[in-house]
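What the coordinates show
Here are the chains, one letter per residue:
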Amino acid sequence: MKQNNNAALIMLMINMFIAMLGIGLIIPVLPDFLKAFDAGGKAAGYLVAAMGLTQFLFSPIAGEWSDKYGRKLMIVSGLALFSFSNFLFAVAHEMWQLYVSRLIGGIGAAAMIPAMLAYVADITSEESRGKGLGMLGAAMSLGFVIGPGIGGFLAELGIRAPFYVSAAVGGFAMLLSLSLLKETRSVEQRQAARLSTERKENIWRQFGKSFKAPYLILLVLIFTLTFGLANFEAVFPLFVDHKYSYTSRDIAVLITVGALIGAVVQAVLIGRLINRFGEKTLINLTFFLSALTMVLMLLSGNFWYILVLTTLFFSFTSILRPAINTLLSKMAGDEQGYVAGMNNAYMSIGNIFGPAVAGILFDVHVNFPYLFGAVILIISLAMSLSWGRRKMSAAVR
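As a starting point, this report considers the structure included with it. In this numbering scheme, every chain counts its residues from 1 along its sequence in written order. With pLDDT at 70 or above as the cut-off, local features in this predicted model cover only qualifying residues; side-chain atom pairs require 80 or more to be listed or tallied, and sums for whole chains, interfaces and linings still use all residues. Hydrogens and water are ignored here; the side-chain numbers use all heavy atoms of the structure.

1. Focus on the overall build of the protein chain
Across its full length, the protein chain holds 14 helices and zero strands. The helix and strand labels rest on DSSP assignments: H or I over at least four residues marks a helix, E over at least two residues marks a strand, and numbering proceeds from the N terminus. Listing the helices and strands of the protein chain from first to last along the sequence gives α-α-α-α-α-α-α-α-α-α-α-α-α-α. Per-residue burial for the protein chain yields a buried fraction of 55% across its 397 residues. Any two residues having at least one pair of non-hydrogen atoms within 4.5 Å are treated as being in contact. Pairs at least 24 residues apart make up 86% of the contacts formed inside the protein chain by residues separated by at least 6 positions. Total accessible area on the protein chain is roughly 17000 Å²; 67% of this is exposed by carbon and sulfur atoms. Exposure is judged per residue with a 1.4 Å probe applied to protein chains only, and the accessible area is read against the type maximum: over 50% gives exposed, under 20% gives buried, and values in between give partly exposed. Note on areas: Shrake-Rupley with a 1.4 Å probe; residue coverage comes only from the protein chains shown.

2. Overview of the nonpolar core
Side-chain atoms within 4.5 Å link the members of a nonpolar core, which is a set of buried Ala, Val, Leu, Ile, Met, Phe, Trp, Tyr and Cys residues. Of all hydrophobic cores here, the largest spans 90 residues; its most connected members are Leu 218, Phe 236, Phe 287, Ile 324 and Tyr 370. Residue contributions to this core peak at 13 residues, all from helix H9 (residues 216-244). Two domains each provide a minimum of three residues to this core, namely domain 1 (1-200) and domain 2 (208-396). Excluding anything up to four places from it in sequence, Leu 218 contacts Ile 324, Leu 327, Leu 328, Met 331 and Trp 387. Residues Phe 33, Phe 37, Leu 47 and Met 95 belong to the second largest nonpolar core, which totals 10 residues. Residue ranges assigned to each domain were obtained from an automatic or database domain assignment.

Next up, the structure:
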């Protein structure tokens, strides 16, 4: 990648980190925040689902718009919506304002994330794309996982402080992107995309179109990976508290250390790992190892044992996402925006259903969320292996 492309990638990483940080900030403060509205767990679940819902609905549209109107416009617009969403949440005094805030936040995420993924594809070669997507994924993972910790710290300044800070930082990132980020799609490319009639289906037809695509299995794997990761994270504090009586400080150390090491692995090693072993081998191996660590988590409450397993889980899943994204990008051809949009749509579904299922299973038995998550990851491995065999058989014919 050229120097100016490196600068652009750093800008995208900052934006992705801010977006995921803002999503995570809500987790530790939401229960106390909702007490002021006489609302409880059901409202909290609906608020999380609201953001995931609009992110899912608008991702395919936003991905296509990034082809038609440019990556920069969608990134800047997404940051603006994201910043406004957090500001509205901070000043809200009615429940409907909270719901509107989360719905707007989901639209902002839908605008940003597919455009960022497509932007990386625009500025990298196939050889360096895995590294670029790995660095962007590292920023995504790091922001999402440490967001709760920062949110809890900022809450000591006031229950609304995390949202004010998130809104301000998002606004700063928007202005920075508006000033410094360059558009990667030429005027001619955008004009051709707008004149094209190939992808003018509505959102549900676009989603249906993905069922017939040669890369469908990769989109399904994005869903199952996100489901498993969200399943792990959603109940992790409750799990180690109920099963092993960990303190809040213990939990903060586990999540922070695991996330940091996972992010470093993703940013520094993913390009080398993909070049050496290939995406398919990495996907299969890390699906298996991720499932194994979830099961091993049930066997002992020793702090160092859990710390190692948590770090390994975050590291394996940090390798998985860019490996799948790289294969998707290579198969997308000229539809980078569309495929990036569908990528985000499938990820959104995982973020909606993963925590919901984990919460339901946790109420049944403390071990069930991780056992079920491991089963989902093993099924993903089986699908990946089956897809690989079919592709090899087709190549031989």
